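Spelled out from the first residue to the last, the chains are:
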Amino acid sequence: MTQSVDAVVPDLASAIKKFFRRVLPIMLIMLVCNQLNRSNIGYAQEHLQADVGIGAAAYGFGAGLFFIAYAIFELPSNVMMEKYGAKVWLTRIMISWGTVSFLMAFVQNETMFYVLRFLLGAAEAGFFPAVIFYFARWVPATHRGKATAIFIAGSSVAAAISGPVAGLLLSLHGALGLRGWQWLFGFEGALSVVVGMAVYFVLDAKIKDAKWLTAGEKEALTQAISEEDAQHAKADGGKVNRWKMLLNPQILLLCGIYFSVQLSIYANTFWLPSIVRQIPGTTDLSVGFLSSIPWICAVFAMYFAAKLQDKAKSKKPLLVVALLVAAVGTFAAAITTPVLALVFLAVAAMGFKSASPLFWTIPQSGLHPLVLAPAIAIINSLGNLGGFVAPFGFGIIKEQTGSVIPGLFALAAASTLAAGLVYFLKERRTGNDAPPKGLVDTAEVEAVEPATRQA
């Protein structure tokens, strides 16, 4: 039975509020576990070098190898997510990466380090695009940017937490005969496995499965998502070939910009503790707490950026400002003292972390629903190759020069270039139902196999 218009509006608002209260916290907990397991090797670096003999270049290569596996397995993982549903697949992803991260506690040489880092990337592949696609199937476009911003802000919260947690776990050195870095990998890996098991019982795959929504709320939310899908289909002439759309120049441009953002994020994720250690008198515990400062600043910056983006018709100017702030902060950090470098890296983090949610609102609003999942996977996997280039490049630079300063100059240049590329992006402005010309080309319109209509 179709609801009246008067009933649909309050039911829709109520359903969205419930989603933010119930589902988003689950996603944030998952993201915190994800970021803890991604970043922990940054705090274990010197200990791995001392105990296992993993040098700066080997560390950088192993840290980046994660993203090679991530890029290879991300699209297949996302296709499997569409087949089995978010509930089953996200559970599988979490338990897998937790298990591999736990095994890092037993690494004995460079080869084992490389293998486990590659397996960690393969296990985690598909997590982020699966969550973003999940939002697209549960949250109307008017609230999706906020949901994405809050979710991505969780990575900064996790990064801020990861430092103190790593410092405390490293301080357990000798307890039960284990080294501090073994406690670090073992505890955080086991935590992800436990959370992954819990997710299976608390996350719903589809709107119709949500017992915490009333019948009216389910219908209102389903209708809102269906109407948005219909608007996309109408604007595009009906059906599209989603695979041909992945070759669209705009999607490749999105990949390039996101690559630059990821360069900054992961250079700091894996090398910030090393930079902080240059401050005289630091210990494992103080390095952990000091390393959290840029990420705490980023949380506040992302909050205000989210406020601005909700009011802005175009996200492009905000994205340009965020990228330029990242460039200026990184450049300044390269030419000053270690203490001031930490201050300027905090400024840079405010820029590149704010750029991430601003960036994702553009493909989310402009891409056709049938191509959304694979397109996000492509953008995320290719963009995440920045996570390989940054730590590996920094490792080589540090081993050859004894400093990461040239790497910081390169990051500043990359952010500046990305800011220029934003000019060529096409986006659908707020209040405009039609996807921007260029993101969805009507010349690519043709039949889609029935399987693409899942999820």
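Look above for the structure.
Computed from a prediction, not measured in an experiment: that's the story for all the values here.

Rules and cut-offs
- Residues numbered from 1 in each chain as written.
- Predicted model: local features only at pLDDT ≥ 70, side-chain atom pairs only at ≥ 80, totals over all residues.
- Heavy atoms only, no water.
- Helix = DSSP H or I, 4+ residues; strand = E, 2+ residues; numbered from the N terminus.
- Buried < 20%, exposed > 50% of the residue type's maximum accessible area, 1.4 Å probe, protein only.
- Contact = heavy atoms within 4.5 Å.
- Areas by Shrake-Rupley, 256 points an atom, 1.4 Å probe, with all protein chains shown as cover.
- Core = buried A, V, L, I, M, F, W, Y, C linked by side-chain atoms within 4.5 Å.
- Axes fitted to C-alpha atoms, helices over the stretch in contact; angles between N-to-C directions.
- Parallel < 35°, antiparallel > 145°, perpendicular 65-115°, else oblique.
- Left-handed = near helix turned anticlockwise from the far one by under 90°.
- Nonpolar A, V, L, I, M, F, W, Y, C, P; charged D, E, K, R; others polar.
- Expected span 1.5 Å × (residues − 1).

If you tally the helices and strands in the protein chain, you get 16 helices and zero strands. Expressed as a percentage of the 455 residues in the protein chain, the buried residues total 57%. The long-range share in the protein chain, meaning contacts at least 24 apart out of those at least 6 apart in sequence, stands at 84%. Surface summary for the protein chain: the accessible area is close to 18,000 Å², and the carbon and sulfur share equals 68%.

Judged by nonpolar contacts, the single largest core of 126 residues is most densely connected at Met27, Leu90, Phe135 and Trp138. Ignoring any residue separated from it by four or fewer positions in sequence, one finds Leu90 in contact with Met27, Met30, Phe127, Ala130, Val131 and Leu203.

Moving on to the packing of helix α2 (residues 56-84) against helix α4 (residues 110-124). In a packed pair of helices, the relevant descriptors are the angle between the two axes and the axis-to-axis distance. Following both chains from N to C, one finds α2 and α4 inclined at 30°, their axes separated by 7 Å at the closest point. Relative to α4, the element α2 is oriented roughly parallel. The element α2 and its partner α4 pack so that their crossing is right-handed. Residues Ala58, Tyr59, Phe61, Gly62, Ala63, Leu65, Phe66, Ile68, Ala69, Tyr70, Ile72 and Phe73 of α2 form the contact with α4, whose own contacting residues are Glu110, Phe113, Tyr114, Arg117, Phe118, Leu120, Gly121, Ala122 and Glu124. In terms of residue class, the contact of α2 with α4 is made up of 16 nonpolar, two polar and three charged.

On to helix α10 (residues 249-276). An α-helical turn contains 3.6 residues, so a residue and the one three or four places further along point in the same direction. Between its terminal C-alpha atoms α10 stretches 40 Å, which fits the 40 Å expected from 28 residues at 1.5 Å a residue. Of all 28 residues that make up α10, 24 are buried, and the element is covered over most of its length.

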